[in-house]
Amino acid sequence: MNSINTSRSLNRRGFVGAAAGIGAAGLLGGALGRPATASAAASESRTRVETIKLGKVTVTRVLEYSGPVGMTSRQFFPGSPKELWEENKDWLSPDFWKPGTDMVNSALQTWVLRSGGRTILIDTGAGNDKFRPYAKQWQYMDTGFLGRLSRAGVRPEDVDVVVNTHLHNDHVGWNTRREGRDWVPTFPNATYLIPKIEFDFWNPAGPVRPKYWQGNQNVWEDSVLPVHEAGLVKLWEGSYILDSGLKLDLAAGHTPGSSVIRLESGNDRAVFIGDLLHTPLQLEHPEFNSCFEEDEKQALATRRRELEWAADHKALILPAHLPGHGAAEVERSGGNFRIKEWAGFSRS
Ligand SMILES: [Zn+2]
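Just so it is clear, the model here is predicted, and its values are computed rather than measured.

About the cut-offs
- Once a new chain begins, its residue numbering starts again from 1 and follows that chain's sequence as written.
- Per-residue local features of the predicted model are confined to residues with pLDDT of at least 70, and side-chain atom pairs are confined, for both listing and counting, to 80 or more; whole-chain, interface and lining totals are unaffected and use all residues.
- Comment: elements are numbered from the N terminus, with helices defined as DSSP H or I runs of at least four residues and strands as E runs of at least two.
- Exposure criterion: with C-beta atoms placed from backbone coordinates, a residue whose C-beta has 20 or more other C-beta atoms within 10 Å is buried, one with 12 or fewer is exposed, and one in between is partly exposed.
- What counts as a contact is two residues whose backbone-derived C-beta atoms lie within 7 Å of each other.
- The directions from the helix axis to the C-beta atoms are what the arc is built from.
- One less than the residue count of a helix, multiplied by 1.5 Å, gives the span that helix is expected to have.
- If DSSP finds at least two bridges between two strands, the strands pair.
- Take the buried Ala, Val, Leu, Ile, Met, Phe, Trp, Tyr and Cys residues, join any whose C-beta atoms are within 7 Å, and the set you get is a nonpolar core.
- Lines fitted to C-alpha atoms define the axes, with helix axes restricted to the stretch in contact, and inter-axis angles between N-to-C directions lie between 0 and 180 degrees.
- Every residue is assigned a pLDDT by the predictor, reflecting its confidence on a scale from 0 to 100.

1. Things to note about the overall build of the chain
The helix and strand inventory of the chain stands at 10 helices and 18 strands. Per-residue burial for the chain yields a buried fraction of 51% across its 348 residues. Summarising the internal contacts of the chain: among those between residues at least 6 apart in sequence, 68% fall at separations of at least 24.

Quick look at the structure:
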């Protein structure tokens, strides 16, 4: 529980402690979500901020990866016209998209929550050493993720709860780690919360073959089954109350059992929306689905529903894969949405 000592702490809009030197970082963006001015960006790079406080809950961002993921904007978001990316390049670049190559940037990050004395991880990235023949970007990763987690004050045995928003390969990887020939739970004292619908959907013994079954090859065997067989998995249905300020809700579409974590603590509201949004361009254009949606129509409706909730409750949205500041407060704009204010996390 010493994250405050190892990374700077701030509340969502104003800084506390010694973080005054990067005051602008919490207020970047403006109405169109444009990133930092050169001087603010330079100031930021000298002082990384990874922990914010929302009500009584501390939220720390621990990155596993940030950068290109081998997909052009058309491959990642098949319905999005190239011209639109070009029109918005002054703020999409360099954090979210690279003009010229047309490559989309993405982050893999775990949100570490401290709430009521417990340590809660939201999503566990791609993991190390995993064989992913149809998702080569995440194959045989060898990152220092556990070291970064440790620098955030979290030892594996300290983790009380792991939330898998869904069971795609880039959300369950660090559920397990390799030990000799075996996959063992990385967080041996944790309860792993998985939506029952999601668990049943990906169970190879089940009746459905998911659209993304190839990309998710081996995930069940190396990242889900080992924690289930160790008796660490709790399957939940409907909603699940984590504590007085944190609740899990189903948010189907991306996958049938995708879920979000809603935070309501003090005057602060936030929602960890997993893969409901992959680029800030989807705020002004929530009709653009990623290529990974199991149910396109439902994904679109759920994205809009959750963005409406966030805008109407002045809630911070924390997607799983947003690079840059990683999270933002959004507001309604026309019939859609826009960035109101980026979160204070340093830009990845
Ligand atoms: Zn994902």
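2. Quick word on helix α8 (residues 219-229)
Think of an α-helix as 3.6 residues a turn; residues three or four steps apart then line up on the same face. Buried residues of α8: V219, D222, S223, V224, P226 and V227, and no others. Taken around the axis of α8, the buried residues stretch over an arc of 165°, which confines them to a single face. Set apart from the buried face of α8 by more than 90 degrees, the exposed residues are E221 and E229.

3. As for the environment of D275
With respect to the helices and strands, D275 occurs in the loop between β15 (268-274) and α9 (281-284). Taking the C-alpha atoms as reference points, D275 and H254, 21 residues apart in sequence, are found 6.9 Å from one another. Not counting residues within four places of it along the chain, the set of residues in contact with D275 comprises H166, H254, S258, F292, A320 and H321.

4. Concerning helix α10 (residues 296-312)
Over its 17 residues, α10 runs 24 Å from end to end, which matches the ideal 24 Å to within 8%, given 1.5 Å per residue. Downstream of α10 by one or two residues, K314 has phi in the positive range, about 50°.

5. Remarks on the pairing of β15
Among the seven residues in β15, seven count as buried, and that is most of the element. Of the two faces of β15, the one lined by D268, A270, F272 and G274 and the one lined by R269, V271 and I273 are each fully buried. Relative to β15, strand β14 (residues 259-265) runs antiparallel, the two being bridged by five bridges. Across the sheet, residue S265 finds its bridge partner in β15, namely D268.

6. So, the nonpolar core
Judged by nonpolar contacts, the single largest core of 70 residues is most densely connected at V162, V163, F272, L316, I317 and V330. At five residues, the largest contribution of residues to this core is made by strand β5 (residues 103-115). Leave out the neighbours within four places in its chain, and V163 touches I120, L121, I122, L193, L248 and I261. Core analysis: the second largest hydrophobic core is formed by 10 residues, F76, F77, F96 and V104 among them.

7. Here we look at the sheet that holds strand β12 (residues 239-243)
Pairing in this open sheet of seven strands is mixed, and the strands run β12-β13-β14-β15-β16-β17-β18 from one edge to the other. With one partner strand each, in any of the chains shown, β12 and β18 (336-342) form the two edges of the open sheet. When the angles between neighbouring strand axes are averaged without regard to direction, this sheet yields 30°. Examined bridge by bridge, β12 and strand β13 (residues 246-250) share four bridges and lie antiparallel to one another. Bridged to S239 within β13 is D249.

8. Observations regarding unusual backbone geometry
Across the junction of S93 and P94, the peptide omega takes the value 5°, indicating a cis bond. With respect to the helices, strands and loops of the structure, P94 is situated in the loop between α5 (89-92) and β4 (97-98). Phi at Y140 takes a positive value of approximately 45°, unusual for a residue other than glycine. On the secondary structure map, Y140 appears in the loop between β6 (118-122) and α6 (145-151). Judged by the 10 C-beta atoms lying within 10 Å of it, Y140 is exposed. Of note in this structure, N218 is not a glycine but carries a positive phi near 80°. Along the chain, the position of N218 falls in the loop between α7 (196-202) and α8.

9. A short note on the environment of D312
Within the fold, D312 resides in helix α10. Expressed as a C-alpha distance, the spacing of D312 and V330, which sit 18 residues apart in the sequence, is 9.0 Å.

10. Some thoughts on the confidence of the model for the chain
Averaged over all residues, the pLDDT of the chain is 89; the fraction at 70 or higher stands at 86%. Note that residues 1-9 has pLDDT below 50 and, in this model, 27 contacts with residues that lie over four places away or in other chains. Segment residues 13-46 is flagged for pLDDT under 50; beyond a separation of four residues in sequence, or across chains, it makes 58 contacts in the model.

11. Here's the deal with the environment of F201
Topologically, F201 is positioned in helix α7. Put simply, F201 and T255 are 54 residues apart on the chain and 8.7 Å apart in space, counted from C-alpha to C-alpha. The contact partners of F201, leaving out residues within four places of it in the chain, are G206, V208, P210, T255, P256 and G257.

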